[in-house]
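These are the residues of each chain, in order.
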Amino acid sequence: QVQLVESGGGLVQPGGSLRLSCAASGSIFSIYDMGWFRQAPGKQRELVATITWSGATAYIDSVKGRFTISRDNAKNTVYLQMNSLKPEDTAVYYCKMTDYFNRLREVWGQGTLVTVSS
């Protein structure tokens, strides 16, 4: 009953910035953690960043210092601010919601495409 919708992707030049949004609607979990994943063409999906209900964040090494994950619980929305983008950041970006009380309960968004190219 919960749905996640990503937005904000697009074409950007190397060194540019984008902000992705993931809005949740429906029967949203009472307390939940969020994560951003990405999948480049021909590659496995990888975890990019996570944020807990309380706001603790973590990032993969390749995006540290460039990406910032944040959330607005009042709006049931999580964001990924991406700065200093590189061609290797090109991928479909997905957000995921995980029930804090039941880690098997997960919901994925449909993804938004980010293309970094000159």
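In what follows, the structure referred to is the one given above.
Here is what the cut-offs are and how they apply
- Residues numbered from 1 in each chain as written.
- Predicted model: local features only at pLDDT ≥ 70, side-chain atom pairs only at ≥ 80, totals over all residues.
- Heavy atoms only, no water.
- Helix = DSSP H or I, 4+ residues; strand = E, 2+ residues; numbered from the N terminus.
- Rg over C-alpha atoms; globule rule 2.2 N^0.38 Å.
- Buried < 20%, exposed > 50% of the residue type's maximum accessible area, 1.4 Å probe, protein only.
- Contact = heavy atoms within 4.5 Å.
- Areas by Shrake-Rupley, 256 points an atom, 1.4 Å probe, with all protein chains shown as cover.
- Lys, Arg positive; Asp, Glu negative; His and termini not counted.
- Charge placed at Lys NZ, Arg CZ, Asp CG, Glu CD.
- Disulfide = S-S within 2.5 Å.
- Pairing = 2+ DSSP bridges.
- Axes fitted to C-alpha atoms, helices over the stretch in contact; angles between N-to-C directions.

S.K.: Any chance you could break down the overall build of the protein chain for me, citing the residues and the numbers?
M.R.: Looking only at helices and strands, the protein chain features zero helices and 11 strands. Secondary structure elements of the protein chain occur, N-terminal to C-terminal, as β-β-β-β-β-β-β-β-β-β-β. In terms of overall dimensions, the protein chain is globule-like: its C-alpha atoms have a radius of gyration of 14 Å, near the 13 Å expected for 118 residues. By principal-axis analysis of the C-alpha atoms, the protein chain measures approximately 40 × 25 × 25 Å. Looking at the 118 residues of the protein chain, the share that counts as buried comes to 41%. Restricting the contact set of the protein chain to residue pairs at least 6 apart, pairs at least 24 apart contribute 55%. Working note: accessible area of the protein chain is about 6,300 Å², and carbon and sulfur atoms make up 49% of it. Between the mean site of the 12 positive side-chain charges and the mean site of the 9 negative ones, the protein chain shows a separation of 1 Å.

S.K.: Got a sec to walk through the state of the cysteines? Specific residues and values, please.
M.R.: By the definition in use, this model includes one disulfide. Between the sulfur of Cys-22 and that of Cys-95 lies a disulfide, 1.8 Å long from S to S. Given an S-S torsion of about 55°, the disulfide between Cys-22 and Cys-95 has right-handed geometry. Separated by 73 residues along the polypeptide, Cys-22 in strand S3 (residues 18-26) and Cys-95 in strand S9 (residues 91-99) bring together distant segments of the chain. A relative accessible area of 1% means that Cys-22 is categorised as buried.

S.K.: Can you break down the sheet that holds strand S8 (residues 77-82) residue by residue, with the values?
M.R.: As a general point, the strands of a sheet are linked pairwise by backbone hydrogen bonds and lie either parallel or antiparallel. The sheet built from four strands is open, its strands ordered S1-S3-S8-S7 with antiparallel pairing. Strands with a single pairing partner mark the edges of an open sheet, and in this sheet they are strand S1 (2-7) and strand S7 (67-72). Each neighbouring strand pair of the sheet contributes to a mean axis angle of 15°, computed without reference to strand direction. Note: S1 against S3, six bridges, orientation antiparallel. Paired with Val-2 across the bridge in S3 is Gly-26.

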